[in-house]
Amino acid sequence: MKRISILGSTGSIGTQTLDVVEHHPEQFIVEGLAGGSNLQLLIEQVQKFKPRKVSISTQSLAEQLAPYVPEGTKVYYGDEGLVEIAAGTDADYIVTALVGSQGLHSTLAAIEAGKHIALANKETLVSAGHLVTAAAKRRNVMLLPVDSEHSAIFQCLNGEGTGDVRKITLTASGGSFRDRTREQLHGVTVEQALQHPNWSMGAKITIDSATMVNKGLEVIEAHWLFGLDYSRIEVIIHPESIIHSFVEFNDHSIIAQLGNPDMRVPIQYALTYPHRLSNPSRPLNLAEIGKLHFREMDFDRFPCLRMAYDSGKAGGTATTVFNAANEVAVDRFLKGEIAFLQIEDIIARTLDKHETAADPDLEQITAADAWARQTARNI
Ligand code: NDP
Ligand code: MG
């Protein structure tokens, strides 16, 4: 039996993780759950999975939650509550499914406490990849990818050394506006941007898919997870999201991982690695699909991806700023304050104003993140 805790249990990844747990009740014990503000769903989850500890974002929500938790479940709240769920339970595995760099402190706390990380919250690796990977190495904990592309690469590399890898290629669906030109992006609405063709996900990552920022975050995530130089990480458009990513080896042999788009597969693999169990997803029928399509990535059409590569190559606080500026820009777009194309504009202008610090410590990362948020808000 594996003991797990989930940071962000009420979100898209969090609920799908609990779906996997329900499918294998003999495999998992839920030790801790942390949600943000969805009180009703968190109450249902706590009553069903009876964790030892639960946390919610504010004190007032914690007071509303307390009367509904089973006997033996302790209630926490706020940033301290997140750290309690991350580091203060008997869990061996922590699923990091918060959205944004706000997940950094709790992820680091989990690593320091020696917990293996099933990592969905990619922004933590983009914001402070060198700190997270160094801490994981020092504490001898695994960073197990949940993101479908990285799970694919991880599966393709099973038993292979990265020294034999020529390059890896991350596939991108292209997001909700993949068939529009740049001119056709003027005046697009929030509702249109939230219609992802292949995946049902949280709002922030759905917008990130439409801007291609998501693939940019994933390129940086891959750099840290697999220790590969940016010149060996490529992106290709693959509208069907059936090939989740692939590895090309030095002998030009390519190994890819395929499946229907369903996050419960990579979530479960992270939690059962190196073993494979049955999964509630639908099996893939290639004859039914018939054809798969691929297009070269167009960096002029998707300038955010170029900015992500440039930030990654610059290193230091550049990726922290790229990520934080994007978080603010997406939030402003979702609130109707700015147009879709202003997201990339805000990221570019924030990066322009930033002086990158090399090899930053946590304090410098936190300061760069706060500076970028303020700057992106003022543009
Ligand atoms: P969602 O927006 O669906 O969920 C985010 C979760 O974080 C919710 O449980 C939310 O709580 C919680 N949360 C937000 N703010 C706080 C806070 N201050 N304190 C405590 N909890 C908080 O996001 P996703 O599940 O889509 O994404 C999560 C991460 O996984 C992201 O980093 C994303 O990039 C990554 N990812 C997601 C994929 C997907 O298919 N969804 C695929 C690959 C990666 P509440 O809802 O209760 O407010
Ligand atoms: Mg992904």
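Residues numbered from 1 in each chain as written. Chains lettered and ligands numbered in written order. Predicted model: local features only at pLDDT ≥ 70, side-chain atom pairs only at ≥ 80, totals over all residues. Heavy atoms only, no water.

K.L.:
A description of the domain arrangement of the protein should follow, citing residues and the corresponding values.
P.N.:
In terms of domains, the protein is made up of domain 1 (2-141) and domain 2 (153-260 + 295-378). Contacts between the two partners involve 18 residues from domain 1 and, on the opposite side, 24 residues from domain 2. A per-residue breakdown of the area domain 1 buries against domain 2 is headed by K122, V126 and H130, which together make up 37% of the total. Here K122 ties to E218 by a salt bridge, and the two come within 2.9 Å at their closest N and O atoms. Summed over the shared surface of domain 1 and domain 2, the number is nine residue pairs in polar contact (both at pLDDT 80 or more). For the side of domain 1 that touches domain 2, the secondary-structure elements that each account for two or more residues are α5 (104-112) and α6 (122-139). The element that contributes the greatest number of residues to the side of domain 1 that touches domain 2 is α6, accounting for 10 residues. Grouping the amino acids of the side of domain 1 that touches domain 2 by side-chain chemistry returns eight nonpolar, eight polar and two charged. (Domains from an automatic or database assignment. Contact = heavy atoms within 4.5 Å. Buried area = accessible area lost by both parts, 1.4 Å probe. Salt bridge = Lys/Arg side-chain N within 4 Å of Asp/Glu carboxyl O. Polar contact = N/O pair within 3.5 Å; in protein donor to acceptor, adjacent residues only side chain to side chain. Helix = DSSP H or I, 4+ residues; strand = E, 2+ residues; numbered from the N terminus. Nonpolar A, V, L, I, M, F, W, Y, C, P; charged D, E, K, R; others polar.)

K.L.:
How would you summarise the site of ligand 1 if you had to cite specific residues and measurements?
P.N.:
Around ligand 1 sit 24 residues, and of these T10, G11, S12, S37 and E123 come closest. One of the backbone nitrogen or oxygen atoms of G8 is found 3.2 Å away from an oxygen atom of ligand 1. Its free accessible area being 900 Å², ligand 1 has 84% of it covered by the protein chains. Residues belonging to the shell around ligand 1 are distributed by class as follows: nine nonpolar, 12 polar and three charged. (Near = heavy atom within 4 Å. Areas by Shrake-Rupley, 256 points an atom, 1.4 Å probe, with all protein chains shown as cover.)

K.L.:
A description of helix α4 (residues 78-87) should follow, citing residues and the corresponding values.
P.N.:
Among all positions in α4, only G78, G81, L82, I85 and A86 are buried. Considered in projection along α4, the buried side chains sweep an arc of 135° and stay on one side of the axis. Exposed side chains of α4 directed beyond 90 degrees from the buried face belong to D79 and E80. Its buried side turned inward, α4 meets β1 (2-7), β2 (28-34), β3 (53-56), β4 (74-77), β5 (93-96) and α5. (Buried < 20%, exposed > 50% of the residue type's maximum accessible area, 1.4 Å probe, protein only. Arc of directions from axis to C-beta.)

K.L.:
Which residues make up the coordination of the magnesium ion (ligand 2), and what are the values?
P.N.:
The coordination sphere of the magnesium ion (ligand 2), as far as protein atoms go, consists of D147 (OD), E149 (OE) and E218 (OE), spread over 2.1 to 2.2 Å. Each donor residue of the magnesium ion (ligand 2) belongs to the same chain, and together they define the spacing D-x1-E-x68-E. Of this pair, E149 sits in helix α7 (residues 148-156) while E218 sits in helix α10 (residues 213-226), and the two are 69 residues apart along the sequence. (Donors = N, O, S within 2.8 Å, 3.2 Å for Na, K, Ca; no water.)

K.L.:
Describe the environment of K291, and please don't skip the residues or the numbers.
P.N.:
When you line up the elements, K291 lands in the loop between α12 (286-289) and β12 (295-296). Counting along the chain gives 12 residues from K291 to N279, while the straight-line C-alpha distance between them is 25 Å.

K.L.:
Quick rundown of the nonpolar core? Include the residues and the values.
P.N.:
Counting 111 residues, the largest nonpolar core has I168, F226 and I233 as its most contacted members. The leading source of residues in this core is helix α14 (residues 318-334), at eight residues. Mapped onto the domain boundaries, this core takes at least three residues apiece from domain 1 (2-141) and domain 2 (153-260 + 295-378). Those residues in contact with I233, other than ones at most four positions away along the chain, are I168, L170, V219, A222, H223, L228 and Y309. (Core = buried A, V, L, I, M, F, W, Y, C linked by side-chain atoms within 4.5 Å.)

K.L.:
Can you break down the packing of aromatic side chains residue by residue, with the values?
P.N.:
Tallied over the full model, the rule gives seven aromatic pairs. Summarising the aromatic geometry, the rings of F177 and F340 are spaced 5.1 Å apart at their centres and angled 90° between planes, so their arrangement reads as edge-to-face. Taken as a pair, F177 in the loop between β8 (165-172) and α8 (190-193) and F340 in the loop between α14 and α15 (342-353) lie far apart in primary sequence, 163 residues in all. Assessed through its relative accessible area of 5%, F340 is described here as buried. One aromatic cluster in this structure is built from F154, Y269 and Y273. (Phe/Tyr/Trp six-rings, centres within 6.5 Å; stacked < 30°, edge-to-face > 60°.)

K.L.:
Please give an account of helix α1 (residues 12-23) that cites residues and values.
P.N.:
Taking 1.5 Å of rise per residue, the 12 residues of α1 would be expected to cover 16 Å, and the 17 Å separating its terminal C-alpha atoms lies within 8% of that figure. Where α1 is concerned, the buried positions are I13, G14, Q16, T17, L18, V20 and V21. (Expected span 1.5 Å × (residues − 1).)

K.L.:
I'd like a rundown of unusual backbone geometry, residues and numbers included.
P.N.:
With an omega dihedral of 5°, the bond running from Y273 to P274 counts as a cis peptide bond. Inspection of the secondary structure puts P274 in the loop between α11 (264-272) and α12. Even without being a glycine, M212 presents a positive backbone phi close to 75°. Topologically, M212 is positioned in the loop between α9 (203-211) and α10.

K.L.:
Any details on the pairing of strand β11 (residues 254-258)? Residues and values, ideally.
P.N.:
Consecutive side chains of a regular strand alternate in pointing toward one face of the sheet and then the other. Pairing analysis gives five bridges linking strand β10 (residues 243-249) to β11, with the strands arranged antiparallel. The partner of F246 across the bridge, within β11, is A256. Connecting β10 to the antiparallel partner β11 that follows it, the hairpin turn spans four residues, and H252 within it adopts a positive phi of roughly 70°. (Pairing = 2+ DSSP bridges.)

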